[in-house]
Amino acid sequence: LRGARRWRHWRIGEGEDALLTGPVRQLAEDADGALWLGSYGGGVQARDAEGRVLHGFAAGAGLGMDSPEQEQLSPGPDGALWLAGPKGLRRWDGAAKRFREIRGAPAAHVYGFAFAAPDTLWLHRMGALEGYRWDGRALARLRVVDGGDGLPAAESGGLLVHRAGVVWLASARGLLRYDPVAARLRSFGVRDGLPSQELQVQAPLLLPSGMALASSN
């Protein structure tokens, strides 16, 4: 953890700051410096820079966490933590210490999301890549890319938006590139040099240099 001078190890069910049940699948730091962990089957937990548990949320606790696992944890445009998962999108309300639904977001399973400055959100759900505008309070859908445009109905590991505005989606059916300006979708698979077309396990990563990384099965 940031500021730590030695390694510390936290385990499931051991000690006051124990991990939640299940392997940790996601890590994200919010604008306040809290480290959020998403545990597969266990819920979501937040820790301070020393590793102390600040918040812990399990499905059914009545605090907006209505699924035991999430697809993505990332800071939103307002600095608050946003979640994507089987119940759609959720946003952390620090004052109320709970997660809240985001107005205008789909109620369906969301596999991942990415922001493009200044106010555009892209998200992927089964069979659809959707673009939204965020006004600070709610989302308004602007564009839908679906099967009619060639988008396969498949799970994804997540997406990213390149600095040029191009959207990249890492899916179970290969790597997909969508250019919003040209309204053009292109797919890449093993014939294009990928070792596998199954890219849905981990979210892609955009480096500061502009290079994007995606992992396959």
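In this report, we go over the structure that sits alongside the text. (Residues numbered from 1 in each chain as written. Predicted model: local features only at pLDDT ≥ 70, side-chain atom pairs only at ≥ 80, totals over all residues. Heavy atoms only, no water.)

**Looking at the sheet that holds strand S8 (residues 98–101)**
Move 1: The antiparallel open sheet is built from four strands, whose spatial order is S5-S6-S7-S8. The open sheet has two edge strands, strand S5 (72–75) and S8, and neither has a second partner. Neighbour to neighbour, the strand axes of the sheet diverge by 30 degrees on average, direction disregarded. (Pairing = 2+ DSSP bridges. Helix = DSSP H or I, 4+ residues; strand = E, 2+ residues; numbered from the N terminus. Axes fitted to C-alpha atoms, helices over the stretch in contact; angles between N-to-C directions.)

**As for unusual backbone geometry**
Move 1: For the bond from Ala-117 to Pro-118, the omega torsion is 5 degrees, close enough to zero to count as cis.
Move 2: Although it is not a glycine, Lys-97 adopts a positive phi angle of roughly 55 degrees.
Move 3: Looking at the element boundaries, Lys-97 is found in the loop between strand S7 (88–93) and S8.
Move 4: Non-glycine residue Ala-183 carries a positive phi angle of around 55 degrees.
Move 5: Note that Ala-183 resides in the loop between strand S15 (174–179) and strand S16 (184–188).
Move 6: When its relative accessible area of 54% is taken as the criterion, Ala-183 is described as exposed. (Buried < 20%, exposed > 50% of the residue type's maximum accessible area, 1.4 Å probe, protein only.)

**With respect to the packing of aromatic side chains**
Move 1: For the structure shown, the criterion picks out 12 aromatic pairs.
Move 2: Both rings, one in Trp-82 and one in Trp-134, keep their centres 5.0 Å apart while their planes meet at 80 degrees; by these two values the pair is edge-to-face. Here Trp-82 is found in strand S6 (residues 81–85), whereas its partner Trp-134 is found in strand S11 (residues 128–134), with 52 residues between them in sequence.
Move 3: What makes Trp-82 buried here is its relative accessible area of 0%.
Move 4: Note on Phe-113 and Phe-115: the rings are 6.0 Å apart at their centroids and 80 degrees apart in plane angle, and the pair reads as edge-to-face. (Phe/Tyr/Trp six-rings, centres within 6.5 Å; stacked < 30°, edge-to-face > 60°.)

**Structural notes on a nonpolar patch on the surface**
Move 1: Taken together, the side chains of Leu-205, Met-211 and Leu-213 define a hydrophobic patch exposed on the protein surface, amounting to about 290 Å² of accessible area.
Move 2: With respect to the helices, strands and loops of the structure, Met-211 is situated in the loop between strand S17 (205–206) and strand S18 (212–213). (Patch = residues over 30% accessible without salt bridge, like charges linked within 9 Å, V, L, I, M, F, W, Y side chains within 5 Å. Areas by Shrake-Rupley, 256 points an atom, 1.4 Å probe, with all protein chains shown as cover. Salt bridge = Lys/Arg side-chain N within 4 Å of Asp/Glu carboxyl O.)

**Some thoughts on the sheet that holds S11**
Hydrogen bonds between backbone groups are what pair the strands of a sheet, and the pairing can be parallel or antiparallel.
Move 1: The strand order across the open sheet built from four strands is S9-S10-S11-S12, with neighbouring strands paired in antiparallel fashion. The two strands at the open ends of the sheet, each matched to only one other strand, are strand S9 (110–116) and strand S12 (139–146). Across this sheet, the average inter-strand angle for adjacent strands is 20 degrees, counted without regard to direction.
Move 2: Bridging between S9 and strand S10 (residues 120–125) involves six bridges; their strand directions are antiparallel. The residue of S10 that forms the bridge with Ala-114 is Trp-122.

**Topic: the environment of Leu-73**
Move 1: With respect to the helices and strands, the residue Leu-73 is situated in strand S5.
Move 2: Filtering out sequence-adjacent residues up to four positions away, Leu-73 remains in contact with Gln-26, Leu-27, Ala-28, Trp-36, Leu-37, Gly-38, Val-44, Leu-81, Trp-82 and Leu-83. (Contact = heavy atoms within 4.5 Å.)

**Side note on the side chain of Ser-39**
Move 1: Tracing the chain through its elements places Ser-39 in strand S2 (residues 35–39).
Move 2: Excluding residues that lie within four positions of it along the chain, Ser-39 makes contacts with Leu-20, Thr-21, Gly-22, Pro-23, Val-24, Pro-68 and Glu-69.

**Here's the deal with the pattern of salt bridges**
Pairing between side chains of opposite charge can happen when the charged atoms of each approach one another.
Move 1: By the definition in use, this model includes eight salt bridges.
Move 2: A salt bridge links Asp-93 to Arg-100; the shortest N-O distance between them is 2.7 Å.
Move 3: Arg-100 gets classed as partly exposed once you look at its relative accessible area, which sits at 39%.
Move 4: Where Glu-130 meets Arg-125, a salt bridge forms, and the shortest distance between an N and an O atom there is 2.7 Å.
Move 5: For Arg-125, a relative accessible area of 22% puts it in the partly exposed group.
Move 6: Taken together, the shared-partner salt bridges connect Asp-66, Arg-90 and Glu-101 into one network.

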